[in-house]
Amino acid sequence: MIKAVPKPLEEVLDLVKDFTKVLIAGCDGCVTVCEAGGLKEAKVLASALRLYFTQAGRQAQIDEISLTRQCEKEYLAQLSDKMDAYDAVVSLACGCGVQYMAEMYNNKIIYPGVDTCFLGVNEERGLYSERCQACGRCILAETGGICPIARCSKRMLNGPCGGSDAGRCEINKDIPCGWELIYERLKTLGQLDRFEKPVDPKDWTTSRDGGPRKIVREDLRI
Amino acid sequence: MRLQYPPSVRIIEVPCTGKVDVMHLLMAFEYGADGVIVVGCMEGECHYSVGNLYAKKRVNRVKEILDKVGVGGERLAMYNLSSGMGGRFAEIIREITEKVMELGPSPIRVATGKATRPIAEVTT
Ligand code: SF4
Ligand code: SF4
Ligand code: FES
């Protein structure tokens, strides 16, 4: 899932300090799971902003809401009758949600309330790590289920490089070498012959290099 | 044992400090509390094992928020006591009451003369 962290409170305060009616819009999707932007975070941020405006002697209306998902029009549309009541919205969804809200409510100021980080997993509560970079052509079948794009710091397709040291990546000793992980897993699976086969250059046309991407599924569209 | 402590304190009982949420603490300040303390079991002695450790993190987070929004993190504190420390409890209440008296009324009450939200809206 998409992983994000809340923006520092002072950054959000700075964005909204000149407004008097602000809506904090959480998202019940990915950002709820990593406790960065769900209903609870929306409530906490709204409460903090109310305290800020109140102690400054300012009348402000700060409300919170959370939508099922902000990356879908149907859910964003639930705000249509509420938007007029606010000067600005702080969206706690990932960057997709913030942009989609801004697209739908073209005249409204929509600010991001989280920093969107990566596609990753929940290792533990409060510990999330990257696993996929959405390259558009998954090669996990060849790499023992461990992604060299996301987990090798150099995105090498024929690793490890010479910087691999006792299972650690040379860029940081806290980072496991992705290719060491791949080697160990292939060994466990009895698939070490993978290393004897030449690997074709990866098709990167499905990755970011071709500009913003789009999926068109004719089988799903009317 | 009958111990005296200042009557300005309102005690809210919870099954464990792990039940105390960031929102409960923020709401207390929104309602105009001048100071709040969370009193839990000694570290390592929580009946739910880590409730008081969660509470400590939440208290620290709210202190940081209160600093940033101009209310002041020093108005919130956490203490760890055992059930046999009634005397110390009364002493803490006296100390915190003195400290809050020194700090004066919460900037929220100063600004509004009252709480910011009706009590009926408590949710977390
Ligand atoms: S808007 Fe972002 S955070 Fe919310 S469900 Fe969609 S992808 Fe996940
Ligand atoms: S190969 Fe591409 S799609 Fe597959 S996990 Fe890695 S980045 Fe993600
Ligand atoms: S039972 Fe958890 S703090 Fe006392």
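Draft legend 1. Main features of the site of ligand 1. Ligand 1 sits among Ile 2, Cys 27, Gly 29, Cys 30, Val 31, Arg 69, Gln 70, Cys 71, Ala 93, Cys 94 and Gly 97 of chain A. A class-by-class count of the residues in the shell around ligand 1 yields 7 nonpolar, 3 polar and 1 charged.

Draft legend 2. Representation of the interface of chain B and chain A. The partner chain A presents 17 residues to the 24 residues of chain B that form the contact. For the pair chain B and chain A, the summed buried area comes to about 1600 Å², and 63% of that belongs to carbon and sulfur atoms. Its largest share of buried area at the contact with chain A, chain B owes to Glu 30, Lys 68 and Val 69 of chain B, together 32% of the area lost on that side. Scanning the region where chain B abuts chain A turns up 4 salt bridges. When the shortest N-O distance is used, the salt bridge between Asp 21 of chain B and Lys 40 of chain A registers 2.7 Å.

Draft legend 3. Inspection of the site of ligand 2 at higher detail. Around ligand 2 sit Cys 132, Gln 133, Ala 134, Cys 135, Cys 138, Ile 139, Leu 140, Cys 147 and Ile 149 of chain A, and those are all the residues in its vicinity. Tallied by class, residues from the shell around ligand 2 come to 8 nonpolar, 1 polar and no charged.

Draft legend 4. Representation of helix H7 (residues 178–188) of chain A within the structure. Residue and element names in this part refer to chain A. For H7, the set of buried residues is Gly 178, Trp 179, Ile 182 and Leu 186. Buried residues along H7 cover an arc of 90 degrees about the axis, so they all sit on one side. Of the surrounding secondary structure, the elements contacted by the buried residues of H7 are helix H6 (148–151) and strand S9 (172–176).

Calculation notes
Residues numbered from 1 in each chain as written. Chains lettered and ligands numbered in written order. Predicted model: local features only at pLDDT ≥ 70, side-chain atom pairs only at ≥ 80, totals over all residues. Heavy atoms only, no water. Near = heavy atom within 4 Å. Nonpolar A, V, L, I, M, F, W, Y, C, P; charged D, E, K, R; others polar. Contact = heavy atoms within 4.5 Å. Buried area = accessible area lost by both parts, 1.4 Å probe. Salt bridge = Lys/Arg side-chain N within 4 Å of Asp/Glu carboxyl O. Buried < 20%, exposed > 50% of the residue type's maximum accessible area, 1.4 Å probe, protein only. Helix = DSSP H or I, 4+ residues; strand = E, 2+ residues; numbered from the N terminus. Arc of directions from axis to C-beta.

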